[in-house]
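Here's the letter readout for the chains.
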Amino acid sequence: MYDSSSVNESSSSASAVSVGDVDLLPHENVACESELLQKNIVKSCATIVAELKVAGVAETTINNVVNSVGEVIDDIQNETLVSVKNGLSLQEPMKSVVESQIDQSFQKIENPFLAFNSESKRMQYFSEQWGKIDPVEYVLGTRFATRRNTTTGSFSQVVVRDKFTYIPILETLRFICKHPNINDFLSRDWEKKETFLYDIQDGEFFKSHPLFLKQKHAFQIQLFFDEFECSNPLGSKRGIHKLGAIYFTLRNISPKYNSNLLGIHLVSLFHAQDIKTYGFDKILEPLVKDISRLETEGVQIPHFDHAVYGTIIQVTGDNLGIHSLFGFVESFSARYCCRFCLLEKEDFQTEFSEDSSKISLRTKELHAEHCEVIKSNPHLPYVMGVKKSCLLNSLQYFHTATNFSVDIMHDIFEGVAQFEMKLLLQHLGNNYTTPAEIHRRIQSFNYGRLEQCNKPPGVNLVEGSNDLSLNATQSWCLLRHLPIIFGDLVCSSDQTWYLFILLLQIVSIVLSPAISSGITIYLKHLISEHHSLFKYLYPHKKLLPKHHFLIHYPTSMQKLGPLIHSWCMRYEGKHNYFKRQIKSFKNITKTLAKKHQCHVAYLWQTFNPNELKLGPGKMVPLNRLESYTEIAVKLNVPVWTKIYNVKWIKSFGNLYRPGLAVCIRVENEMPVFHVIQNIVVRDECVLFVTTAMKTLYLEEHVHAFKVMHTAEAPIVLEFKDLLHHKSFDILMSCGLDSDLFIIPYFFM
């Protein structure tokens, strides 16, 4: 029964207890937990602020957001304090003591956003907690400029210092190596074949390099230089805010990780106009100083008990940028406009192989002679295409004469490919169809799910230009699909069509992520045959200088391995970050560099390139899926286990979804494709339920594999079962037949 007397007795006993006899709010047991919780809260607030900065939100807006959220937190804290006090059912004097301790406890709770209510506090936190590397400003020189006096409102001429920003590359190398997964980044997960080239370490240049022969773990730094427009490229102020950028990637890291934009690091930002005023040497000085130290002294890096050395292994960029940086002529109408050889421009129309007796490759000794002639005769505009020496040549292990990087993106996709596609489309319009039908087919063709966003918006067939007014991605898309769009119209004996197929074969080899040493010899003959046929079909058309650059591609592949790992496409994608961050043009180089370093510091600490991006899906019992027995065996789980059934996934930028094909092996010199039917995920293990396709043959007329579906039982595949991690669309031609084709991205 309910005993009221016992309750009264308990109440009176509680009232009789003295304040000193009761430990009202114990601190010792929870002090550590409270401190840890506070740090985690501050870290969460830092993440919120960093996300705003990554999104390009202005500093003033971030201040307003932080202050507003801080006020909300204060209001919630005050309301909570009042509610706690009102909820106390104690009598005096104990109530006053408890309220005092509650007040003290709440006073100790700091607003976590107070650490981020100013830009200086944010920068300090990012530097201390995430290792942000601050850019350093260097003065190039001074000039007079008109500035407004904010006090008087009048305008007057003042002395202005021209500056550029440099991010210390040695600090960046240390920062990279602090990543917890750095060992995974440096690992290679493919099974190498002796006669194949997979990366720069397999090329002749690396194997004969004096530093990399001695130092197995030496840093392999690949630089990239380019200029980009910050303001409207068609506006009246174009060129005024044009910036030059130097980036670098670490070629020690596996190519699949370097393909992420976070693997591309900023070295320097400067105004493009300052190159003409002050030259490249002043801009390169701090970089060359650091690289010289890296070559001779090395740097101390986590995970290594000794100094690690390194140097610049290659420099890449577009042709104009590289010529400007290296001190070669910047006009491709010049007599000697090739940075690889000393062939005169008029001979570009007749010499199609490096084996030609007229072609003499540039060497360190020849380059030194040309620089000496220029130095002794300053009035000469250039000597054999050389205008001046490059400061990078003062390094111990780098020289411009042994820089074999080529520019696939601009040479082919924004040069040769558009030039020849335009000639081909004009040929089709004159002989097989009409210009209107050409435009209709290009616009209406089903490019597949993977290329739908890259399809060309239209083509410019007007005489007077050598291009189709497409960017590199659109050009690549049209290049691959053009044969299947128009192949049904063209007879197999058409030589102009065959010329285009030769170009496709060249591009397929150049873009291959892995190549055999023998394929480079085949490439040399393909390029020679292509150029010879071009001059036969178009005797009155001149080959572009970019056609000539192609003859150096086989040597470049032998020296550096697959060229796809050093092309400009990914580097130029880095420009988009800076273009999105533009809020003010005042001291733009320092502002953008600081924003970039905060961006990298935040994202690099959580960077996990192995992380899968999952599309929408649902949990389903395994036994409701097709091939559930095989899936259960692969996952080692009971058949009634629930697993996640997704519509699509992305891994290393590659999209996989039902309806797309994957290549699992090459059999009898033909790739074996499987079409994805379903995708399931459990504990980061991805399984593809696929059905086999039959590869009939390579249809050379459309440069695609003709395939057909089979009635074979489904097969469950893992990522490790895929020969290439690239997925493929299954397409139909524009003709009346229902044949299925898979267009290769590279030589298979």
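Our structure is the block above this text.
Residues numbered from 1 in each chain as written. Predicted model: local features only at pLDDT ≥ 70, side-chain atom pairs only at ≥ 80, totals over all residues. Heavy atoms only, no water.

### Some thoughts on the overall build of the protein
No. 1: Helix and strand content of the protein: 24 helices and 23 strands.
No. 2: Expressed along its principal axes, the backbone C-alpha trace of the protein runs to roughly 115 × 80 × 55 Å.
No. 3: The burial tally for the protein puts 51% of its 748 residues in the buried class.
No. 4: Considering only intrachain contacts with a sequence separation of at least 6, the fraction spanning at least 24 residues in the protein is 67%. (Helix = DSSP H or I, 4+ residues; strand = E, 2+ residues; numbered from the N terminus. Buried < 20%, exposed > 50% of the residue type's maximum accessible area, 1.4 Å probe, protein only. Contact = heavy atoms within 4.5 Å.)

### Digging into the sheet that holds strand β14 (residues 649-651)
No. 1: Spatially, the three strands line up as an open sheet ordered β11-β14-β15, and their pairing is antiparallel. At either margin of the open sheet sits one strand with a lone partner, and together these are β11 (613-614) and β15 (654-656).
No. 2: With three bridges joining them, β14 and β15 adopt antiparallel strand pairing. In the sheet register, S651 faces β15, and the bridge partner there is N654. (Pairing = 2+ DSSP bridges.)

### Regarding helix α18 (residues 495-510)
No. 1: In a regular helix each residue adds 1.5 Å, so 16 residues correspond to 22 Å; α18 covers 23 Å between its end C-alpha atoms and thus fits that length.
No. 2: With 14 of 16 residues buried, α18 lies mostly within the body of the structure.
No. 3: Capping of α18 at its N-terminal end is provided by D494; its side-chain oxygen lies 2.9 Å from the backbone amide nitrogen of T496. (Expected span 1.5 Å × (residues − 1). Polar contact = N/O pair within 3.5 Å; in protein donor to acceptor, adjacent residues only side chain to side chain.)

### Considering the state of the cysteines
No. 1: Here the structure, examined in full by the defined rule, presents zero disulfides.
No. 2: No disulfide involves C230; its nearest neighbouring cysteine sulfur is the one of C598, lying 18 Å away.
No. 3: No disulfide involves C390; its sulfur sits 9.3 Å from that of C371, the nearest cysteine.
No. 4: Judged by relative accessible area, which is 5%, C390 ranks as buried. (Disulfide = S-S within 2.5 Å.)

### Focus: the side chain of R657
No. 1: The topology assignment puts R657 in the loop between β15 and β16 (661-667).
No. 2: One buried charged residue, R657, remains without a salt bridge, the closest side chain of opposite sign being D729 at 8.5 Å.
No. 3: The residues touching R657, leaving out its near neighbours within four places in the chain, are R449, K647, W648, I676 and I679. (Lys, Arg positive; Asp, Glu negative; His and termini not counted. Salt bridge = Lys/Arg side-chain N within 4 Å of Asp/Glu carboxyl O.)

### Let's talk about the environment of F404
No. 1: Along the chain, F404 falls in the loop between α14 (364-376) and α15 (408-431).
No. 2: Judged by its relative accessible area of 16%, F404 falls in the buried class.
No. 3: For the pair F404 and N252, spaced 152 residues apart in sequence, the C-alpha separation works out to 18 Å.
No. 4: Look past the residues within four positions of F404 in its chain and what remains in contact with it is F205, Q314, F340, S556, K559 and L560.

### Some details on the packing of helix α6 (residues 169-177) against helix α12 (residues 280-296)
No. 1: Two numbers describe how α6 lies on α12: the axes approach to 9 Å, and their chain directions differ by 55°. It follows that α6 is oblique to α12 by the angle criterion. Within the contact between the two elements, α6 uses I169, L170, L173 and R174 and α12 uses L287, D290, I291, R293 and L294.
No. 2: Partitioned by chemical class, the residues of the contact of α6 with α12 number six nonpolar, no polar and three charged. (Axes fitted to C-alpha atoms, helices over the stretch in contact; angles between N-to-C directions. Parallel < 35°, antiparallel > 145°, perpendicular 65-115°, else oblique. Nonpolar A, V, L, I, M, F, W, Y, C, P; charged D, E, K, R; others polar.)

### Let's talk about helix α3 (residues 59-86)
No. 1: With 28 residues, α3 extends 41 Å from end C-alpha to end C-alpha; this agrees with the ideal 40 Å at 1.5 Å per step.
No. 2: Within α3 the residues assigned to the buried category are E59, I62, V66, G70, Q77 and L81.

### So, the sheet that holds strand β4 (residues 219-228)
Strand pairs in the sheet, formed through backbone hydrogen bonds, run parallel or antiparallel to each other.
No. 1: In spatial order, the strands read β1-β2-β6-β5-β4-β9; together these six strands make up an open sheet with mixed pairing. Two strands close off the open sheet at either side, each with one partner strand: β1 (136-148) and β9 (310-317). Mean inter-strand twist for the sheet, computed between neighbouring axes without regard to direction, equals 20°.
No. 2: Taken together, the seven bridges between β4 and β9 define a ladder with parallel strand orientation. Across the sheet, I221 pairs through a bridge with I312, a residue of β9.
No. 3: Sitting on the sheet, α6 is in contact with β2 (155-166), β4, β5 (243-250) and β6 (265-271), with an inclination near 45° to β5.

### Points about the pairing of β5
No. 1: Burial of β5 is extensive: eight of the eight residues sit out of reach of the surface.
No. 2: Judged by which residues are buried, β5 turns out to be covered on both faces: L243, A245, Y247 and T249 on one side and G244, I246, F248 and L250 on the other are all buried.

### Brief notes about the side chain of H323
No. 1: Tracing the backbone shows H323 in helix α13 (residues 319-326).
No. 2: Taking the relative accessible area as the measure of exposure, H323 reaches 1% and is therefore buried.
No. 3: Leave out the neighbours within four places in its chain, and H323 touches F328, V329, E330, F332, C337, C338 and R339.

### Examining the pattern of salt bridges
Any two side chains of opposite charge can pair if their charged atoms end up close together.
No. 1: With the rule as written, the count across this model stands at 23 salt bridges.
No. 2: Across the pair K132 and D134 runs a salt bridge, and its minimum N-O distance is 2.1 Å.
No. 3: K132 gets classed as buried once you look at its relative accessible area, which sits at 9%.
No. 4: In this structure, D199 engages R251 in a salt bridge whose closest nitrogen and oxygen atoms are separated by 2.7 Å. Placement of the pair is D199 in the loop between β3 (196-197) and α8 (204-207) and R251 in the loop between β5 and α10 (255-258), with a sequence separation of 52 residues. The exposure classification of D199 matches that of R251, with both residues buried.
No. 5: Salt bridges here are not isolated pairs; linked through shared partners, they connect E437, R440, R441 and D488.

### Quick notes on a positive patch on the surface
No. 1: Among the surface-exposed residues, K618, R624, K642 and K647 lie close enough to one another that they form a single positively charged patch.
No. 2: By the element assignment, K647 lies in the loop between β13 (642-646) and β14.
No. 3: K647 sits in the exposed class, given a relative accessible area of 52%. (Patch = residues over 30% accessible without salt bridge, like charges linked within 9 Å, V, L, I, M, F, W, Y side chains within 5 Å. Areas by Shrake-Rupley, 256 points an atom, 1.4 Å probe, with all protein chains shown as cover. Charge placed at Lys NZ, Arg CZ, Asp CG, Glu CD.)

### Focus: the packing of aromatic side chains
No. 1: In the structure shown here, the tally under the stated rule is 40 aromatic pairs.
No. 2: Measuring from centroid to centroid gives 5.1 Å for F445 and Y447, while their planes differ by 90°, and the two rings are edge-to-face. Like Y447, F445 is buried.
No. 3: Members of the aromatic cluster, each reached through a chain of ring pairs, are F413, W476, W567, F673, F705, F728 and Y745.
No. 4: In this structure, K726 is placed above the aromatic ring of Y745, and the distance from its NZ or CZ to the ring centre is 4.6 Å. (Phe/Tyr/Trp six-rings, centres within 6.5 Å; stacked < 30°, edge-to-face > 60°. Lys NZ or Arg CZ within 6 Å of the ring centre and 35° of its normal.)

### Describing a nonpolar patch on the surface
No. 1: A contiguous nonpolar patch, built from L696, Y697 and M708 and spanning about 240 Å² of accessible area, is present on the exposed surface.
No. 2: Within the secondary structure, M708 is located in strand β19 (residues 704-709).
No. 3: What makes M708 partly exposed here is its relative accessible area of 38%.

### Comments concerning a negative patch on the surface
No. 1: A cluster of acidic residues, E71, D74, D75 and E79, forms a negative patch at the surface.
No. 2: Within the secondary structure, E71 is located in helix α3.

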